[in-house]
Amino acid sequence: MHTQSDRYPPISPKCPHMLHGGDYNPDQWPTEVWAEDMRLMKAAGCNAMSVGIFAWSRLEPQEGQYEFGWLDRIMDMLAENDAFAILATPSAARPAWLDARYPECCKVTAEGQRRDHGMRHNFCWSSPAFREKVTAINTRLAERYGTHPALLMWHVSNEYGGEGSGAPCYCELCQAWFRDWLRDRYDNDIETLNHAWWTAFWSSRYESFDQIDAPGPLGERAIHGLTLDWKRFNTHQAIDFYRHETSTLKRITPDVSCTTNFMWAFEPQDYWQWANEVDIVSWDGYPGWHCRGDDVREAAGAAFNHDLFRSLKAGRPFMLMESVPSVTSWFPVCKLKRPGMHKLSSLLAIAHGSDTVQYFQWRKSRGATEKFFGAVVDHVGHEDTRVFGDVAELGRVLKKLDGVVGTTVRSEVAVLFDWPTRWAVSAMSGLGHRHRNYLGTCMQHHAAFWTMGIGVDVIDQTVALDEYRLAVLPMLYMLRPGMAEKIERFVADGGTAVMTYWSGIVDEHDLCHLGGWPGGGLRKVFGVWDEETDAICEDDVQRLVLSEGNELGLAGEYEIHQLCALIHAEGATVAGTYGEDFYAGRPALTVNHYGDGKAWYVAARTGQDFLDDLYGRLASDLGLRRTLDATLPQGVTARMRTNGETDYVFVMNFTDAVAGVDLGETTFADVVNGGEVAGRLALPAYGVAILSRPAVEA
Ligand SMILES: [Zn+2]
């Protein structure tokens, strides 16, 4: 829970407003278009444009021959029009001359093949030539524009690790770096590594660090410790490269903030390792509205990511760096955003802590792979389009939100979502591939709070639990050092923890805990021994039967799917049992009173219905603060940002029908339209209202 009572500084002191704009590629367009771009930006209420992200070949058409005239003009034009540049370093896409002269810049595939020139992100993290060329162009950009009035901040490269599954480089330089990283991690002692990786298995023992290769399709991929360390190393490499880029920028422009745009809970990069590297967290969000079946679930998924990216810096506002004003061209079905959805989905980000709405892209590219990717300005070239109208309308709303800038979200609940745990669950052989679903499980638990309008942080195992009242620990398969002790202290001191099946199974090296699960001392905290797990098939029927008089006060039965842990209550009180099969009657839900707190163990995977009811009851018992007191209609949620003096309440309807929301006793101010709102609020389909009230103390 964040306790700061005043507001955070704006993203940049130059612009204490909500930022609105997006990726702007004047380098793709003739100069005649630029003045029209400026006029249209004003008409759309845009004030911050990301410039130069893939412009290296325009900035340095030949090695050492720089052409900044066009960017000088664009920076000046932005300043003349009261707009700012989020100026990029261009490393994500490289000019042909660079790869032709220095082939080592291209990355090597897992099969050992050097990739050809082309595409984005296709570079080796180690290549000295590439690093030197990046420093050269970054130095010139920082020296030339460091004091330009339009410079707002640095946009370092683009979506590090993007394209494919993070696509690491397997060249000899990167492999040697990996071995050095392992030497450091294991105190240069190969036997420490052999034990951690359990290399007695299949005669996998290493005699020296020199014998180790990155895991891949042509070599070792059965040693999970190796796989896990390679994933950790991939994040280490990317961060090292970011530091390489920013060292130049920080030296020349120490007062200008740096960020790099993250992606949707992107599996290959542990963003918690990045949290202290970037000055501001930013991310690119592309939910699939209307085309993946359920907009409410889609919104809850987007909200999970927003909560994660806000939590990375303990509540500090983040940047939505990319979003699409209309349609994402690489989706399986490219359905248009329905009327209202653009404003709603953008304000969802703001409601969860973003101080920006930025787009990819400003003007739709004329050719190549992104020519049909949604843009503010379409190929028709003018502002008389539905999408431009939606963007301009949002621009008018954002101008009313100066008071929201720098406010934060307060959460009494934390949902734990941990990258190394995710990597280990995905690498393991067990449970059945489709049944693991670590991310989906974490999102399901998070969604229960989102629908109730209760603030949630999404944290990992490095974050302290003390400030929270409820810690939700879905599939905590891996216990990193100190985590079990942290949970024990949290519960003993009066916290409520909810842990599920498949928790406390392995240590940080993916070595199984011996002596009964959950390991690490959590068996006594939860008062259960988790003996074995039954993965059931789709047609199998299993039920959770709640015990009479259980302390949740819930009754009846719920369906169970996929995973059922067979547990023994060792001091815990049984609150529910299995209804079917040879383990009918055995505990499926328990609670252990431990110290001053409670430790719940949910032994089976249920549907959303049980999680909603479970957390609804726990929220009431704990008196967790809801944004609005009344029960929210299906598909409507309410989120709150606050600075301790004023609460800003966002009420959002993710259904295609009108919804009525009970506002209780409070009279709110309507932040956008002015006037007061009380009693019952009517929201149209995909409608949103932004209300304010004097802060209510938690
Ligand atoms: Zn490499």
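In this text, all values refer to a predicted model and were calculated from it rather than measured experimentally.

Considering the sheet that holds strand β24 (residues 668–670)
On the basis of which strands lie adjacent, the open sheet formed by five strands has the order β21-β22-β27-β24-β25 and antiparallel pairing. Of all strands in the sheet, those bounded by a partner on one side alone are β21 (636–642) and β25 (676–677). Judged from the seven bridges that link them, β21 and strand β22 (residues 646–653) form a sheet pairing that is antiparallel. Bridge assignment links T637 to a residue of β22, and that residue is M652.

Brief notes about the coordination of the zinc ion
Angles at a metal have ideal values that depend on geometry: 109.5 degrees with four tetrahedral donors, 90 or 180 degrees with six octahedral donors. Protein coordination of the zinc ion is provided by C124 (SG), C169 (SG), C171 (SG) and C174 (SG), with donor distances spanning 2.3 Å. Bound by four donor atoms, the zinc ion shows angles of 104 to 115° at the metal and therefore tetrahedral coordination geometry. Sequence positions of the residues that donate to the zinc ion give the spacing C-x44-C-x1-C-x2-C. The residues C169 and C171 share a single accessibility class, namely buried.

Description of the sheet that holds strand β3 (residues 84–88)
Sheet strands associate in pairs through backbone hydrogen bonding, adopting either a parallel or an antiparallel arrangement. Pairing is parallel across the open sheet formed by six strands, whose spatial order is β5-β4-β3-β2-β1-β9. With partners counted over all chains shown, the strands left at the sheet margins are β5 (258–259) and β9 (356–359), one partner each. Sheet analysis places strand β1 (residues 19–24) next to β9, joined by four bridges and oriented parallel. Bridging from a neighbouring strand, H20 pairs with V357 of β9.

Here's the deal with the nonpolar core
W362 and Y615 are the most contacted members of the largest nonpolar core, which totals 213 residues. Top element by residues in this core is helix α8 (residues 224–252). It accounts for nine residues. Apart from the residues within four sequence positions on either side, W362 is in contact with D23, Y24, D37, L40, M41, A44, C46, M49, A375, V376, V377 and F388. Ranked by size, the runner-up nonpolar core spans 16 residues in total, among them L632, A659, F668 and V677.

Observations concerning the domain arrangement of the protein
Under the domain assignment, the protein is made up of domain 1 (19–167 + 235–404), domain 2 (413–622) and domain 3 (636–694). For domain 1 and domain 2, the distance between their C-alpha centres works out to 38 Å. A buried area of about 1,700 Å², summed over both sides, lies between domain 1 and domain 2, and 66% of it is on carbon and sulfur atoms. When residues of domain 1 are sorted by the area they lose upon contact with domain 2, E267, W272 and F304 head the list and together hold 41% of the total. Residue R310 is joined to D457 by a salt bridge in which the shortest nitrogen-to-oxygen separation is 2.9 Å. Viewed at the interface, domain 2 and domain 1 are joined by ten residue pairs in polar contact (both at pLDDT 80 or more).

Re the side chain of S282
Mapped onto the secondary structure, S282 falls in strand β7 (residues 282–284). For S282, a relative accessible area of 0% puts it in the buried group. Reaching out from S282, the side chain makes a polar contact with the backbone oxygen of T260 at a distance of 3.2 Å. The contact partners of S282, leaving out residues within four places of it in the chain, are T259, T260, N261, F262, M319 and M321.

A closer look at the pattern of salt bridges
Per the stated rule, a full pass over the model turns up 37 salt bridges. Across the salt bridge formed by R363 and D37, the nearest N and O atoms sit 2.9 Å from each other. Here D37 lies in helix α1 (residues 32–44) and R363 lies in the loop between β9 and α12 (386–398), a separation of 326 residues in the sequence. Each member of the pair, R363 as well as D37, carries the same accessibility label: buried. Ionic pairing is found between D378 and K364, a salt bridge with its closest N-O pair at 3.1 Å. Taken together, the positions of D378 in the loop between β9 and α12 and K364 in the loop between β9 and α12 put the pair 14 residues apart, joining distant regions of the chain.

Topic: helix α13 (residues 419–427)
Burial within α13 is extensive, with seven of its nine residues counted as buried. For α13, every residue scored as buried is listed here: W419, P420, T421, R422, W423, A424 and V425. Among the structural elements, α8, α9 (271–274), α10 (295–311), α14 (433–436) and α15 (438–452) are those in contact with the buried residues of α13.

Some remarks on the state of the cysteines
Under the criterion given, the structure shown has zero disulfides. Among the cysteines around C291, which has no disulfide bond, C334 carries the closest sulfur, lying 7.8 Å off. C291 gets classed as partly exposed once you look at its relative accessible area, which sits at 23%.

Brief notes about a nonpolar patch on the surface
On the surface, a cluster of nonpolar side chains totalling about 420 Å² of accessible area is made up of W198, F201 and W202. With respect to the element layout, W198 can be found in the loop between α7 (190–197) and α8.

Here's the deal with the packing of α1 against helix α3 (residues 69–80)
At a minimum axis distance of 11 Å, the contact between α1 and α3 shows a crossing angle of 30°. Relative to α3, α1 is oriented roughly parallel. Handedness of the α1/α3 crossing: right-handed. Residues W34, A35, M38 and M41 of α1 form the contact with α3, whose participating residues are W70, R73, I74, M77 and L78. In terms of residue class, the contact of α1 with α3 is built from eight nonpolar, no polar and one charged.

What about the packing of α8 against α13?
In a pair of packed helices, the angle between the axes and the distance between the axes together describe the arrangement. Running from N to C, α8 and α13 cross one another at 140°; their axes reach a closest spacing of 10 Å. Relative to α13, the element α8 lies oblique. For the element pair α8 and α13, the recorded crossing hand is right-handed. Residue-level contacts link H224, T227, L228, K231, R232 and T235 of α8 to P420, W423, A424 and A427 of α13.

Side note on the side chain of D37
Take D37: its relative accessible area is 0%, and that puts it in the buried class. Of the polar contacts made by the side chain of D37, one reaches the side chain of W362; its length is 3.0 Å. Not counting chain neighbours up to four residues away, the residues in contact with D37 comprise Y24, W362 and R363.

Thresholds applied
- Residues numbered from 1 in each chain as written.
- Predicted model: local features only at pLDDT ≥ 70, side-chain atom pairs only at ≥ 80, totals over all residues.
- Heavy atoms only, no water.
- Pairing = 2+ DSSP bridges.
- Helix = DSSP H or I, 4+ residues; strand = E, 2+ residues; numbered from the N terminus.
- Donors = N, O, S within 2.8 Å, 3.2 Å for Na, K, Ca; no water.
- Tetrahedral: all angles 85-135°; square planar, octahedral: opposite > 155°, others 65-115°.
- Buried < 20%, exposed > 50% of the residue type's maximum accessible area, 1.4 Å probe, protein only.
- Core = buried A, V, L, I, M, F, W, Y, C linked by side-chain atoms within 4.5 Å.
- Contact = heavy atoms within 4.5 Å.
- Domains from an automatic or database assignment.
- Buried area = accessible area lost by both parts, 1.4 Å probe.
- Salt bridge = Lys/Arg side-chain N within 4 Å of Asp/Glu carboxyl O.
- Polar contact = N/O pair within 3.5 Å; in protein donor to acceptor, adjacent residues only side chain to side chain.
- Disulfide = S-S within 2.5 Å.
- Patch = residues over 30% accessible without salt bridge, like charges linked within 9 Å, V, L, I, M, F, W, Y side chains within 5 Å.
- Areas by Shrake-Rupley, 256 points an atom, 1.4 Å probe, with all protein chains shown as cover.
- Axes fitted to C-alpha atoms, helices over the stretch in contact; angles between N-to-C directions.
- Parallel < 35°, antiparallel > 145°, perpendicular 65-115°, else oblique.
- Left-handed = near helix turned anticlockwise from the far one by under 90°.
- Nonpolar A, V, L, I, M, F, W, Y, C, P; charged D, E, K, R; others polar.

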